[in-house]
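Chains, contacts and geometry: an overview
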Amino acid sequence: MIEIKNIEKSFNGNKILKGISTVFETGKTNLIIGQSGSGKTVLLKSLLGIHTPESGQICFDGRVYSELEDDEKRELRTEIGMVFQGSALFDSMTVAENVAFPLKMFTRDNRAAVKERVDFVLERVALKDAHDKLPSEISGGMQKRVAIARAIVNKPKYLFCDEPNSGLDPNTATLIDNLIKEITEEYDITTVINTHDMNSVMEIGDNILFLKNGIKAWQGNKDEIFKTDNEDVVAFVYSSNLFRKVREAYLRE
Ligand SMILES: Nc1ncnc2c1ncn2[C@@H]1O[C@H](COP(=O)(O)OP(=O)(O)OP(=O)(O)O)[C@@H](O)[C@H]1O
Ligand SMILES: [Mg+2]
C-alpha cells in the first residue's frame, strides 16, 4: 500500500501538485486520470523519487520515503518496476537483453538464473518467441509487453505505468490493460497507472484518482465514476460521446 499525504510539488514557483492525499492499494490497479497537464506524470515521478515534493509524505508500506537513509532508498528503488510512456526500450539490445537489464543492474544472479527468470517473464507476457528480436522488429503492442516484462522481472512490490497503452489500437490497448491487471493480482503488486483512456477506466478501474489542475477532484471505482454527480468527472467522461452514452445507460439501470 502506498499512502500519500498532502504532497506539493512546484517548478519555478509554479505549483503543479497542490496538496494531494490518497491511498493506492495492494493487489489493485490504481488509476490516475485527468486532462493533459493535470499533473499525472509529475505525481508518478514523485512516487518514483525522480521529483522531490517540497512538502507532504509518501509512505511505502510503512516506510516514509523522505525519512529513509540512502541505502534504504536504493533498496526501495529495487522494489519498483516502471513502464515509461512510449516503452523506452534500448534499441540496440534484443528483447531478452532488455528484459535481463534490471537483473544485471540490481541483482547478483548468475547467468543461468537470469536466463530462467527472463524466459519466465517473457512467457508470462506471451512473447516467448521474441527473445532474439530487436525492438524495431516487433509491433508497438509487443514492445509494451517487453516493457512490462522488464518492469516485473525483479518481482517488484510496486509497478508504475505511465500511459501504458497510448498509441495502441483499442483491442491491443485492452489486452495490455488486462495483462497489467492480471499481473497485479497474481503477484499482489501495488500498481499505479496514468491514463486518459476511458476504456482503461472501464476495464481496470479498481481505484481511480481524478486529478484536475494538481488537485484531487474525485476518487472512486469504475462503477462509481459513471454514477457520480461530480461536475469535473462528468465533464471528463462527457468529453467522449461513447462514454456519455455509457454513463446515460448506467444511470438508467
Ligand atoms: N520538469 C518540469 N519542469 C517544469 N514544469 C514541469 C516539469 N514537469 C512537468 N511540468 C509541468 O507540470 C504540469 C503537469 O505536467 P504532467 O506531465 O504531470 O501532466 P500530465 O497530466 O502527465 O499530462 P499528459 O496527459 O499530457 O501526460 C505541466 O504544466 C508541465 O508543464
Ligand atoms: Mg503525462
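Here is what the cut-offs are and how they apply
- Residues numbered from 1 in each chain as written.
- Chains lettered and ligands numbered in written order.
- Predicted model: local features only at pLDDT ≥ 70, side-chain atom pairs only at ≥ 80, totals over all residues.
- Heavy atoms only, no water.
- Helix = DSSP H or I, 4+ residues; strand = E, 2+ residues; numbered from the N terminus.
- Rg over C-alpha atoms; globule rule 2.2 N^0.38 Å.
- Buried < 20%, exposed > 50% of the residue type's maximum accessible area, 1.4 Å probe, protein only.
- Contact = heavy atoms within 4.5 Å.
- Areas by Shrake-Rupley, 256 points an atom, 1.4 Å probe, with all protein chains shown as cover.
- Pairing = 2+ DSSP bridges.
- Near = heavy atom within 4 Å.
- Polar contact = N/O pair within 3.5 Å; in protein donor to acceptor, adjacent residues only side chain to side chain.
- Lys, Arg positive; Asp, Glu negative; His and termini not counted.
- Salt bridge = Lys/Arg side-chain N within 4 Å of Asp/Glu carboxyl O.
- Domains from an automatic or database assignment.
- Buried area = accessible area lost by both parts, 1.4 Å probe.
- Axes fitted to C-alpha atoms, helices over the stretch in contact; angles between N-to-C directions.
- Parallel < 35°, antiparallel > 145°, perpendicular 65-115°, else oblique.
- Left-handed = near helix turned anticlockwise from the far one by under 90°.
- Nonpolar A, V, L, I, M, F, W, Y, C, P; charged D, E, K, R; others polar.

Some remarks on the overall build of the protein chain
In terms of regular secondary structure, the protein chain is built from nine helices and 10 strands. For 253 residues, the compact-globule formula gives about 18 Å, and the C-alpha radius of gyration of the protein chain, at 19 Å, lands near that figure. Seen along its three principal axes, the alpha-carbon backbone of the protein chain occupies a region of about 55 × 45 × 30 Å. Here the protein chain, with 253 residues, has 48% of them falling under the buried criterion. Taking contacts inside the protein chain between residues at least 6 apart in sequence as the whole, the part at least 24 apart equals 66%. A total of about 12400 Å² of accessible surface is found on the protein chain, and carbon and sulfur atoms cover 47% of it.

With respect to the sheet that holds strand β4 (residues 55-60)
Strand order across the open sheet formed by four strands is β2-β1-β4-β5, with antiparallel pairing between neighbours. Of all the strands in the sheet, the pair left with one neighbour each is β2 (14-24) and β5 (63-64).

A look at the site of ligand 1
Taken together, the residues surrounding ligand 1 are Phe11, Ile16, Gln35, Ser36, Gly37, Ser38, Gly39, Lys40, Thr41, Val42, Glu163 and His196. In this structure, Thr41 approaches ligand 1 through a side-chain N or O atom, which is 2.8 Å from an oxygen atom. The biggest single contributor to the shell around ligand 1 is helix α1 (residues 40-47), with three residues.

A closer look at the side chain of Asp177
Following the sequence through the fold, Asp177 ends up in helix α6 (residues 170-186). Buried and without a salt bridge, Asp177 has Lys144 as its closest oppositely charged side chain, separated by 10.0 Å. Filtering out sequence-adjacent residues up to four positions away, Asp177 remains in contact with Asn165, Ser200 and Ile204.

Regarding the domain arrangement of the protein chain
Per the domain assignment, the segments of the protein chain are domain 1 (2-79 + 157-252) and domain 2 (88-155). Each of domain 1 and domain 2 was reduced to a C-alpha centroid, and the two centroids are 25 Å apart. Contacts between domain 1 and domain 2 engage 16 residues on the former and 13 residues on the latter. Across the domain 1 to domain 2 interface the summed buried area is about 1200 Å²; carbon plus sulfur atoms make up 68%. The interface formed by domain 1 and domain 2 includes two salt bridges. One salt bridge connects Arg124 with Glu186, and the closest N-O pair in it is separated by 2.9 Å. Our count for the domain 1 to domain 2 interface comes out at three residue pairs in polar contact (both at pLDDT 80 or more). Residue contributions to the side of domain 1 that touches domain 2 peak at eight residues, all from α6.

Some details on the environment of Ile180
Among the structural elements, Ile180 can be located in helix α6. A sequence separation of 145 residues divides Ile180 from Gln35, and the C-alpha atoms of the two residues are 22 Å apart. Every residue in contact with Ile180, bar those within four places of it in the chain, is listed here: Thr29, Ile148, Leu159, Cys161, Pro164, Thr191 and Ile193.

Thoughts on the packing of helix α5 (residues 140-152) against α6
At a closest axis distance of 10 Å, the pairing of α5 and α6 adopts a crossing angle of 15 degrees. Put simply, α5 runs roughly parallel to α6. Between α5 and α6 the crossing geometry is right-handed. Each of Gly141, Lys144, Arg145, Ile148 and Ile152 in α5 lies in contact with α6, whose residues at this interface are Thr172, Leu175, Ile176, Leu179, Ile180 and Ile183. Class assignment for the residues of the contact of α5 with α6 results in seven nonpolar, two polar and two charged.

Regarding the packing of helix α3 (residues 95-106) against helix α4 (residues 111-124)
Running from N to C, α3 and α4 cross one another at 120 degrees; their axes reach a closest spacing of 10 Å. When the interaxial angle is binned, α3 and α4 end up oblique. Crossing of α3 over α4 shows right-handed handedness. For the pair α3 and α4, contact is made by Val95, Ala96, Val99, Ala100, Leu103 and Lys104 and by Val114, Arg117, Val118, Val121 and Leu122, respectively. Among the residues making up the contact of α3 with α4, the classes are represented as nine nonpolar, no polar and two charged.

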